[in-house]
Amino acid sequence: MFTTVLLIEKALSDADVELVTTLHGDEQIRFHVVMQPRGKQDELLRAIDDVAFGYLDQAAKEHEEPHGQDALTAADQALQHTLRALRHAGAAEAEGAVVDHNPLDGLKDLVQEVEADEVIVLAAPHWVEGLFHRDWASQARHRVGVPVLQLFAQQD
């Protein structure tokens, strides 16, 4: 069985679920999902990214994102939706957790604990962070001993 650690920042769309569940053909996949709620700390970077990609309506709404306990509650609901969708799409197993800290902090330990074969970062494009190699995928490549794949989440 193939084991994937999946880092996300929002619930996966149907297209996202199809993408990650079909990457390895017919091989059974076990997913360990780590979700960090979108918070106030990266609101400015998200707005800049939205403008850079032409999502002006989204840029104007970035300040409306939930934060604090509301963000954790919303993230947990999004995570549960994602886990159900992965299982429904045929994942052998799908479990996960919401983290309120940098998800990269415990990534190496998680990869070793679950004997992961890969890490997939599935998030919206982060132009500013990517430019300076501060995005999750760039940082993860320096922390774990397995391949790290960066995929871009379907935009709403």
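Residues numbered from 1 in each chain as written. Predicted model: local features only at pLDDT ≥ 70, side-chain atom pairs only at ≥ 80, totals over all residues. Heavy atoms only, no water.

(A) Seen up close, the side chain of Thr3. Tracing the backbone through its elements, the reader meets Thr3 in strand β1 (residues 2–8). For Thr3, a relative accessible area of 1% gives the class buried. When sequence neighbours within four positions are dropped, the list of residues in contact with Thr3 reads Arg30, His32, Val114, Glu115, Ala116, Asp117 and Glu118. (Helix = DSSP H or I, 4+ residues; strand = E, 2+ residues; numbered from the N terminus. Buried < 20%, exposed > 50% of the residue type's maximum accessible area, 1.4 Å probe, protein only. Contact = heavy atoms within 4.5 Å.)

(B) Quick look at a nonpolar patch on the surface. Taken together, the side chains of Leu19, Leu23 and Leu149 present a nonpolar region at the surface, about 200 Å² in accessible area. For Leu23, the location among the structural elements is in the loop between α1 (14–22) and β2 (29–35). Accessibility expressed as a relative area gives 33% for Leu23, which makes it partly exposed. (Patch = residues over 30% accessible without salt bridge, like charges linked within 9 Å, V, L, I, M, F, W, Y side chains within 5 Å. Areas by Shrake-Rupley, 256 points an atom, 1.4 Å probe, with all protein chains shown as cover. Salt bridge = Lys/Arg side-chain N within 4 Å of Asp/Glu carboxyl O.)

(C) The arrangement of the pairing of β2 in detail. Within β2, six of the seven residues are buried, which leaves the element mostly enclosed by the surrounding structure. Bridging between β1 and β2 involves seven bridges; their strand directions are parallel. Residue pairing for β2: Leu7 is matched across the bridge by Val34. Handedness of the β1-α1-β2 crossover: right-handed. Two elements, β2 and strand β3 (residues 93–98), share six bridges in a ladder whose sense is parallel. When the bridges of β3 are listed, Val33 appears paired with Gly96. (Pairing = 2+ DSSP bridges. Right-handed = clockwise from strand over helix to strand, strands pointing away.)

(D) Inspection of the nonpolar core at higher detail. Ranked by size, the top nonpolar core spans 22 residues in total, and within it Leu6, Leu12, Val20, Phe31, Val33, Leu86 and Leu122 carry the most contacts. Breaking this core down by element, the ones donating at least two residues are β1, α1, β2, α4 (69–88) and β4 (118–123). For this core, the element with the highest residue contribution is α4, accounting for six residues. With sequence-adjacent residues up to four places away left out, Leu6 is seen in contact with Leu12, Val20, Phe31, His32, Val33, Val34, Leu86, Ile120 and Leu122. In this structure, Val99, Val111, Val119 and Trp136 belong to the second largest nonpolar core, which totals 18 residues. (Core = buried A, V, L, I, M, F, W, Y, C linked by side-chain atoms within 4.5 Å.)

(E) Looking closely at the pattern of salt bridges. All told, the structure shown has one salt bridge when counted by the stated rule. When the shortest N-O distance is used, the salt bridge between Arg143 and Asp105 registers 3.9 Å. With Arg143 in the loop between α7 (136–140) and β5 (148–152) and Asp105 in the loop between β3 and α5 (107–113), this residue pair connects regions lying 38 residues apart in the sequence. The partly exposed category is assigned to Arg143, whose relative accessible area is 32%.

(F) The arrangement of a negative patch on the surface in detail. Taken together, the side chains of Glu93, Glu95, Asp109 and Glu113 present a region of like negative charge at the surface. At the level of elements, β3 and α5 are the ones that each hand at least two residues to the negative patch. (Lys, Arg positive; Asp, Glu negative; His and termini not counted. Charge placed at Lys NZ, Arg CZ, Asp CG, Glu CD.)

(G) A look at the pairing of β1. Burial of β1 is extensive: seven of the seven residues sit out of reach of the surface. The pairing of β1 with β4 spans five bridges and is parallel. Across the sheet, Leu7 pairs through a bridge with Val121, a residue of β4.

(H) Here's a closer look at the sheet that holds β5. Read across the sheet, five strands follow the order β3-β2-β1-β4-β5 without closing on themselves; strand pairing throughout is parallel. Looking at which strands have only one partner, the edges of the open sheet turn out to be β3 and β5. In this sheet, adjacent strand axes meet at a mean angle of 20° when their direction is disregarded. Packing of α1 onto the sheet brings it into contact with β1, β2, β4 and β5, and relative to β2 it is tilted by some 135°. On the sheet, α4 packs against β1, β2 and β3 and is oriented at approximately 170° with respect to β3. (Axes fitted to C-alpha atoms, helices over the stretch in contact; angles between N-to-C directions.)

Honestly, it's all geometry; don't read function into it.
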